[in-house]
Amino acid sequence: QVQLVESGGGLVQTGGSLRLSCAAPKAFAINSMRWHRQAPENQRELVATITRSGETAYIDSVKGRFTISRDNAKNTVYLQMNSLKPEDTAVYYCSVNLYGSVKDYWGQGTQVTVSS
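Throughout this description, residue numbers start from 1 for each chain and increase along the sequence as written. Only residues with pLDDT of at least 70 are given local features in this predicted model, and only at 80 or more are side-chain atom pairs given and counted; all residues enter the totals for whole chains, interfaces and linings. To get the side-chain values, take all heavy atoms of the structure and skip hydrogens and water.

### Some words on the overall build of the protein
Argument step 1. The helix and strand inventory of the protein stands at 0 helices and 11 strands.
Argument step 2. Helix and strand labels come from DSSP, where a helix needs a run of H or I of at least four residues and a strand needs a run of E of at least two; each type is numbered from the N terminus. Along the protein, helices (α) and strands (β) appear in the sequence β-β-β-β-β-β-β-β-β-β-β when read from the amino end.
Argument step 3. C-alpha atoms define the radius of gyration in this analysis, and the globule rule sets the expected value at 2.2 Å times the number of residues to the power 0.38. For 116 residues, the compact-globule estimate of 2.2 N^0.38 gives 13 Å, and the C-alpha radius of gyration of the protein, at 14 Å, lies within 12% of that figure.
Argument step 4. Viewed in the frame of its principal axes, the protein has a C-alpha envelope of about 45 × 25 × 20 Å.

Next up, the structure:
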C-alpha cells in the first residue's frame, strides 16, 4: 500500500505564499505526481501535474503563481503557491501513480485557507 503524507497547509492572507509537500515511500517507483484541490460545494479539480522527467502542466487559474516540483530521490512532490487568492481556498490533495499501474494513490488532504 502506498501511503502519502502531506504537509504545509495553513491560513495565509491574500498575496501570501505556502509550500505544500507530499511524500511517498521510497520503495515505490513513482511515475506521475499530481496536486488536486476541492473547495466546499465544488468538484475536485486537478491543479498541477509533474512527470518523472519533470514535465509540468497547470490549470489556467494558477499558471504563473503555482509551481509543482519533485525530488525523485525522496519520492516527494511539492507545490509552491505564491500570490494566493481567496478563491484558492480548498483542501489540497496529492496523488501519485506507479510505473505499470493505472491506480492512483491519494494523500489525506491539507487545508489551505486564504483570507481577504
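### A look at the nonpolar core
Argument step 1. By size, the foremost hydrophobic cluster in this structure holds 29 residues, and its most contacted members are Trp35, Phe66, Val77, Leu79, Met81 and Tyr92.
Argument step 2. Elements represented by at least two residues in this core include exactly strand 3 (18-23), strand 4 (30-38), strand 5 (45-50), strand 7 (66-71), strand 8 (76-81), strand 9 (90-98) and strand 11 (110-115).
Argument step 3. The greatest single-element share of this core, amounting to 5 residues, is contributed by strand 9.
Argument step 4. In what follows, a contact means two residues having at least one pair of non-hydrogen atoms within 4.5 Å. When neighbours within four sequence positions are excluded, Met81 is seen to be in contact with Gly16, Ser17, Leu18, Leu20, Arg65, Phe66, Tyr92 and Val112. Take the buried Ala, Val, Leu, Ile, Met, Phe, Trp, Tyr and Cys residues and link them wherever side-chain atoms come within 4.5 Å; each set so joined is a nonpolar core. Summary of the burial criterion: residues with accessible area below 20% of their type's maximum are buried, those above 50% are exposed, and those between are partly exposed, where the area comes from a 1.4 Å probe applied to protein chains only.

### Re the sheet that holds strand 7
Argument step 1. Only strands that DSSP links by at least two bridges are regarded as paired with each other. The sheet built from 4 strands is open, its strands ordered 1-3-8-7 with antiparallel pairing. Two strands bound the open sheet, and with one partner strand each, they are strand 1 (5-7) and strand 7. On average, adjacent strands in this sheet sit at an angle of 15° to one another, irrespective of strand direction.
Argument step 2. Summarising the sheet, strand 1 and strand 3 pair through 3 bridges and their orientation is antiparallel. In the strand pairing of strand 3, Ser7 is matched with Ser21. All axes are obtained by fitting lines to C-alpha atoms, using only the stretch in contact for helices, and the reported angles, taken between N-to-C directions, cover 0 to 180 degrees.

### As for unusual backbone geometry
Argument step 1. At Asn75, a residue that is not glycine, the phi angle is positive and equals roughly 50°.
Argument step 2. For Asn75, a relative accessible area of 3% gives the class buried.

### Some details on the packing of aromatic side chains
Argument step 1. Side-chain rings of Phe, Tyr and Trp, where Trp is taken by its six-membered ring, are said to pair if the distance between their centres is within 6.5 Å; with planes under 30 degrees apart they count as stacked, over 60 as edge-to-face, and otherwise as tilted. Under the definition given, this model contains 0 aromatic pairs.
Argument step 2. Any Lys NZ or Arg CZ that is within 6 Å of a ring centre and within 35 degrees of that ring's normal is treated as a charge sitting over the ring. Over the ring of Trp106 we find Arg44; its NZ or CZ atom is 4.8 Å from the centre of that ring.

### Section: the pattern of salt bridges
Argument step 1. Note on definitions: salt bridges are taken to be side-chain nitrogens of Lys or Arg within 4 Å of carboxyl oxygens of Asp or Glu. On inspection of all chains with the given rule, the structure shows 4 salt bridges.
Argument step 2. Where Arg37 meets Asp88, a salt bridge forms, and the shortest distance between an N and an O atom there is 3.0 Å. In this pair, Arg37 sits in strand 4 while Asp88 sits in the loop between strand 8 and strand 9, placing the two residues 51 residues apart along the sequence.
Argument step 3. A salt bridge links Lys63 to Asp60, with the nearest nitrogen and oxygen atoms 3.0 Å apart.
Argument step 4. In this structure Lys63 comes out as partly exposed when scored by relative accessible area, which is 49%.

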